[in-house]
Amino acid sequence: MDKFVIRGGKGLRGTVQISGAKNASLALMPATLLAPGSYTLQNTPQLRDIITMSRLLESMGLGFKHSDHTLSVDASHVTKFEAPYEHVKKMRASIYVLGPLVARYGHALVSLPGGCAWGPRPVNLHIEGLRKLGAEIEVEAGYIRAKASRLKGARIVFDVSSVGATGNVMMAAVLAKGTTVIDNAAMEPEITALGEFLIKMGAKIEGVGGNHLVIEGVDELHPADITTIPDRIEAATFLVAAALTGERGATVRVERCNPNHLSAVTTKLEDVGARLTYGPDFIELQPPNSIRAVNVTTSIYSGFPTDMQAQWIALMARAEGTSVVTDTIYFDRFMHVPELARLGANITIKENIATVMGVKKLTGATVMSTDLRASASLILAGLAAEGTTEVLRVYHLDRGYESIEKKLQGLGADIRRVAGEEF
Ligand code: EPZ
């Protein structure tokens with residue numbers, strides 16, 4: 001397993017280009033199960049999770065070709081209707097095949113996703129939503145077994161706003177008979193992108209981008225092409241890195257992003273004292289001379305994303321003063337905290353609240369990645385620490401950040417990947 005070796009203290013400056021959104025691609029790819037034929041998904045990022053999703057869908061008979069950042073999909077022949085544990089255990093988003101399979105083929109056998117590094121990840125909202133649409137679903141021996149002659153439109157109100165459940169139910173409802181109304185639907189840009197893709201495929205959906213969706217089921221859909229939106233979490237990660245370790249007096253320019261998807265994070269970065277300028281598809285950040293302590297509470301879109309909570313704590317670790325970071329989406333997503341403490345951070349956790357007492361300096365050490373965003377926060381802290389930091393098991397990072405070390409090297413960071421060995 002690879003590790004990163006970082007020599008901290010180098011000021012970041014220059015330009016970085018953002019890749020396509022992982023969490024959009026992971027919804028768009030299974031949507032191709034809904035109609036036979038060829039699709040082109042432009043700006044698809046080159047990530048482990050994309051490979052995992054491709055392999056799962058290939059096991060069902062679809063064909064994929066990923067050249068540069070264009071993903072060509074051949075969905076002419078779907079021959080298998082299940083997602084076995086060997087695939088699902090690698091990536092929870094595999095459950096996105098459930099809705100399309102039941103809607104188009106009337107049956108599916110999908111492994112329950114396990115938990116993840118930071119705790120249980122229930123799928124009750126996915127199951128309840130599909131049951132409302134008329135699917136018969138049994139959960140036994142670690143599998144979800146679903147069948148339906150023809151799904152029927154229904155009124156669905158999600159108790160909790162769920163990205164995945166909204167995606168699954170949308171992909172099922174577009175082929176159901178009659179009208180489906182979804183209230184408390186997730187409004188994340190990745191779900192909006194899925195809605196726009198389904199409409200391009202011939203689906204009839206009103207309210208895309210909001211939390212009230214009205215879907216008129218159709219008898220069949222057709223293939224479509226789409227350009228994937230930029231990855232707002234990758235962009236926000238680089239902006240936080242710039243605020244933390246940007247060369248004072250210089251700027252970091254984050255290109256090929258969508259500033260409108262980032263306002264919760266950029267507003268907080270301005271509160272920290274960073275100076276930001278905005279273009280149609282770029283943001284330039286001038287780091288603050290000293291980092292102000294700024295509290296954050298994560299929430300559903302368009303609030304502060306839970307996927308930026310770990311990176312924010314890394315920034316606050318070097319702030320002047322004490323900040324409080326509360327995660328209202330996942331109550332135990334703090335695996336990065338003990339690792340940050342090894343670098344000298346001073347953080348206490350009580351339930352879903354982290355209190356971060358800023359320290360004057362962080363000192364390099366060896367730390368362990370546990371999950372995708374926790375690993376990102378360790379990289380950021382390593383860049384800010386004095387001396388050398390080794391971040392182990394960077395395969396977690398490779399799931400969601402395309403060539404992160406190359407992009408950071410392009411900004412002047414001293415970071416290198418050391419391949420192999422059992423670290
Ligand atoms: C998506 O996960 C993202 N993954 C996650 O990003 C992200 O953290 C999460 O949304 C929240 O924004 C992808 O899009 C592939 P949810 P998802 O269903 O869909 C509870 C990353 O780092 N819930 O919106 O699984 C759940 O426990 C990943 O890129 C239920 O209770 O998240 C959580 O508290 C990590 N029952 C809340 O809803 C359900 O059936 C939000 O989860 C489903 C969810």
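Quick summary incoming for the structure in this document. Predicted model only: the values in this text are computed from it and were never measured.

### Topic: the overall build of the protein chain
What the protein chain contains, in helices and strands, is 14 helices and 24 strands. For the protein chain, whose C-alpha radius of gyration is 21 Å, the value lies close to the compact-globule estimate of 22 Å for 423 residues. Per-residue burial over the protein chain gives 57% buried out of 423 residues. For the protein chain, the share of sequence-separated contacts (at least 6 apart) that also reach a separation of at least 24 residues comes to 74%. Summed over all atoms, the accessible surface of the protein chain reaches about 16,200 Å², with 49% contributed by carbon and sulfur.

### Comments concerning the pattern of salt bridges
Taken as a whole and assessed by the stated rule, the structure comprises 18 salt bridges. In this structure, R417 engages D2 in a salt bridge whose closest nitrogen and oxygen atoms are separated by 3.1 Å. Remark: D2 occurs in the segment before β1 (3-7) and R417 occurs in strand β24 (residues 414-418); sequence separation between them is 415 residues. Residue classification places D2 among the partly exposed positions, given a relative accessible area of 22%. D414 serves as the salt-bridge partner of R7, at 2.9 Å between the closest nitrogen and oxygen. One end of the pair, R7, is in strand β1; the other, D414, is in strand β24, with 407 residues separating them in the sequence. Given a relative accessible area of 44%, R7 falls into the partly exposed group. The structure contains a network of salt bridges with shared partners spanning D2, D398, E405 and R417.

### Digging into the environment of V88
On the secondary structure map, V88 appears in helix α3 (residues 85-88). Put simply, V88 and L56 are 32 residues apart on the chain and 8.4 Å apart in space, counted from C-alpha to C-alpha.

### Let's talk about the side chain of S19
With respect to the secondary-structure elements, S19 resides in the loop between β2 (14-17) and α1 (22-31). The exposure class assigned to S19 is buried, which follows from its relative accessible area of 9%. In contact with S19, other than residues within four places in its own chain, are N43, P45, P230, D231, E234, E402 and K407.

### Describing the site of the ligand
Every one of the 23 residues lining the ligand counts as a neighbour, but R92, N124, S162, D307 and I329 are closest to it. Contact distances for the ligand include 2.6 Å between an oxygen atom and a side-chain N or O atom of R92. Burial of the ligand by the surrounding chains reaches 86%, relative to a free accessible area of 820 Å². Elements with a minimum of two residues in the shell around the ligand: α1, α5 (124-132), α6 (163-173) and α12 (372-384). At three residues, the largest contribution of residues to the shell around the ligand is made by α5. Residues belonging to the shell around the ligand are distributed by class as follows: 10 nonpolar, seven polar and six charged.

### A look at a positive patch on the surface
A grouping of R48, R55, K89 and K90 is seen on the molecular surface, where their side chains present a positively charged patch. Residue placement: K89 occurs in the loop between α3 and α4 (98-105).

### Some thoughts on the sheet that holds strand β11 (residues 179-183)
Adjacent strands of a sheet pair through backbone hydrogen bonds, lying either parallel or antiparallel. With mixed pairing, the four strands of this open sheet are ordered in space as β10-β11-β13-β12. Strand pairing shows two members of the sheet lacking a second neighbour, β10 (155-157) and β12 (204-206), which therefore form its edges. Each strand of the sheet is rotated relative to its neighbour by a mean of 15°, with strand direction disregarded. Here three bridges tie β10 to β11, and the two strands are oriented parallel to one another. Counterpart to I156 in the pairing with β11 is I182.

About the thresholds
- Residues numbered from 1 in each chain as written.
- Predicted model: local features only at pLDDT ≥ 70, side-chain atom pairs only at ≥ 80, totals over all residues.
- Heavy atoms only, no water.
- Helix = DSSP H or I, 4+ residues; strand = E, 2+ residues; numbered from the N terminus.
- Rg over C-alpha atoms; globule rule 2.2 N^0.38 Å.
- Buried < 20%, exposed > 50% of the residue type's maximum accessible area, 1.4 Å probe, protein only.
- Contact = heavy atoms within 4.5 Å.
- Areas by Shrake-Rupley, 256 points an atom, 1.4 Å probe, with all protein chains shown as cover.
- Salt bridge = Lys/Arg side-chain N within 4 Å of Asp/Glu carboxyl O.
- Near = heavy atom within 4 Å.
- Polar contact = N/O pair within 3.5 Å; in protein donor to acceptor, adjacent residues only side chain to side chain.
- Nonpolar A, V, L, I, M, F, W, Y, C, P; charged D, E, K, R; others polar.
- Patch = residues over 30% accessible without salt bridge, like charges linked within 9 Å, V, L, I, M, F, W, Y side chains within 5 Å.
- Lys, Arg positive; Asp, Glu negative; His and termini not counted.
- Charge placed at Lys NZ, Arg CZ, Asp CG, Glu CD.
- Pairing = 2+ DSSP bridges.
- Axes fitted to C-alpha atoms, helices over the stretch in contact; angles between N-to-C directions.

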